[in-house]
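Observations on the model geometry
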Amino acid sequence: MVAFIGVYTFGFVAATVCVILLTYITYELLKTYLYPFIGNALQLKSNAGDFFCQVVGYTKEFWNSPLFKLWIGPVPFLILYHAETIETVLSNPVHMDKAYAYKFLHPWLGTGLLTSTGDKWRRRRKMLTPTFHFSILTEFLEVMNEQAEVLIEKFEKQAGKGPLNCFNHITLCALDIICETAMGKKIYAQSNHDSEYVHSVYRMSDIITRRQRMPWYWPDFVYNYFGEGREHNRSLKILHSFTESVINERAEYITYVESDSESDQGMRKRRAFLDMLLKATDEDGKKLTHKDIQEEVDTFMFEGHDTTAAAMNWAIHLLGSHPEVQKKAQQELFEVFSESERPINTEDLKKLRYLECVIKESLRLFPSVPFFARTICENTQINVYKVPKGANVIITYALHRDPRFFPDPEEFRPERCLPENCVGRHPYAFIPFSRFAIMEEKVILASILRCFNIVACQKRENLWPLGELVLRPERGIWITLERRNYTITHTHNDFQKCSYSVTENTTK
Ligand code: HEM
């Protein structure tokens, strides 16, 4: 019996020593991940603003190195901020797979253009690029002018009355524009901010970014039971049922119009991106299914309004804090429009070169999409580092602040974006964005600047950028608006082009 206990004790001690040894060896092997399984996640700030400052701090700290590495859960992310290393990744079509974190957009966006990869992305891209042709952009311009008019009318009521947070006003305007151009649906967000759909769009973007930063919520069952899974699913239902019903309604409408050749042209609706999707065919003449179409419409709704809204808000702040730049932009507008208050047409847009520089320079300082990511699809050399297949790279905000390409990078100098001043600049020093966004920004900013002088009420250091999916100011954009020496009277009609007339402002 004693012998048995002795053997038993020895076995127990030996097993314990083995477990301790194994744990130690595993720890030694994995300690570079900081904490096994969750990587650097615990070091990362959970608040979006702090997280953004943290990444900006790291890029400053490691500026002289070609990259740095963060582990988020079991996934290694390489952070890139130099044009040369970014070129290595973005110029190679092999690495066009979207990074792991995009997976959390799938429940909402499916695999539309933003989230798809490989063959599916290539086929869709080929099919959809022609839908953004010139004539449809001209129709979109009408929508933009109309919504600018609603915004100006709201601003007129606020002008001369002290500080105003313009962030939501601009965002709702951008939302009205994207709903009508993407889906052909008016949602009147500018006059009715209680829309369930609008709330869900914001809620969903928030929920997704939080999940991306917290690897312990990556498995669905943990997320659904312990995280925000239920709220995520509630918002998802609202978002999908809205776009689904709009697609069905529009498809029926198109069938009706096509079958009725006598139908009154005057009653025809303006074309929307959705109409192009309903008609588009691939190389084999196959149409997209309603599910395919929904992916793209949801993608446009997600990617196409928060980005432009944030960009316009940052530009308004910068214009409001640089009176000399604002004056130059207003001078250009005067040269194009004189005192006329007519809507903006495509010819005018081409002439607004300085305003375009203001928009680009604002996006350099405050890029609406501060981070985006790719998966490395084959072993690659990035600068001196061998990067294995499967690693993720994040392209960051700091790229636009490289003093080699943008001397005094924190300074707001629109002239750097004049074509003649871009000659010889590294082609990957600035991440480009869509023609649609430039057009929308020009129309809205030009409409504001034609009517008002903007004065910023905040200093740059008090803006607190929040780097979520989209870069936005935590406390909004506070400005005062002063009427210029004439004002607009409007004639509204939803089914007609907007018309303006000028009356002398008797209040000045
Ligand atoms: C100032 C405004 C905008 C900025 C700064 C911006 C920036 C970006 C960036 C950086 C990407 C690459 C993201 C990635 O690959 O992960 C992207 C992709 C995309 N954006 Fe935007 N965007 C803007 C406005 C818009 C608008 C207005 C639309 C739609 C009307 C739009 C639709 C898309 C789509 C569909 C993609 C995926 C493209 C593809 O992979 O083929 N964006 N955008």
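The shown structure was predicted, so the numbers you read here are calculated from the model rather than taken from an experiment. (Residues numbered from 1 in each chain as written. Predicted model: local features only at pLDDT ≥ 70, side-chain atom pairs only at ≥ 80, totals over all residues.)

Right, let's get into the sheet that holds strand β2 (residues 75–80). Spatially, four strands are ordered β1-β2-β7-β4 in an open sheet, and the strand pairing comes out mixed. The two strands at the open ends of the sheet, each matched to only one other strand, are β1 (67–72) and β4 (371–375). Put simply, the sheet's adjacent strands are angled 30° from each other on average, direction ignored. Relative to strand β7 (residues 392–396), β2 runs parallel, the two sharing four bridges. Considered in β7, the bridge of L78 is made with V393. (Pairing = 2+ DSSP bridges. Helix = DSSP H or I, 4+ residues; strand = E, 2+ residues; numbered from the N terminus. Axes fitted to C-alpha atoms, helices over the stretch in contact; angles between N-to-C directions.)

Below, the discussion takes up helix α12 (residues 290–303). A rise of 1.5 Å per residue sets the reference length of α12, with its 14 residues, at 20 Å; its end C-alpha atoms lie 20 Å apart and thus fit the reference within 8%. Among the 14 residues that make up α12, 11 are buried, leaving the element largely enclosed by the rest of the structure. (Expected span 1.5 Å × (residues − 1). Buried ≥ 20, exposed ≤ 12 C-beta atoms within 10 Å, placed from the backbone.)

Okay, the packing of helix α7 (residues 167–183) against helix α13 (residues 306–321) next. One can describe the packing of α7 onto α13 by two numbers: an axis separation of 8 Å at closest approach and a directional angle of 140°. Taken together, α7 and α13 sit at an angle that is classed as oblique. The two elements α7 and α13 meet at a crossing, and its hand is right-handed. Counted together, F167, I170, T171 and A174 of α7 and T308, A309, M312 and N313 of α13 form the full contact between these two elements. Grouping the amino acids of the contact of α7 with α13 by side-chain chemistry returns five nonpolar, three polar and no charged. (Parallel < 35°, antiparallel > 145°, perpendicular 65-115°, else oblique. Left-handed = near helix turned anticlockwise from the far one by under 90°. Contact = placed C-beta atoms within 7 Å. Nonpolar A, V, L, I, M, F, W, Y, C, P; charged D, E, K, R; others polar.)

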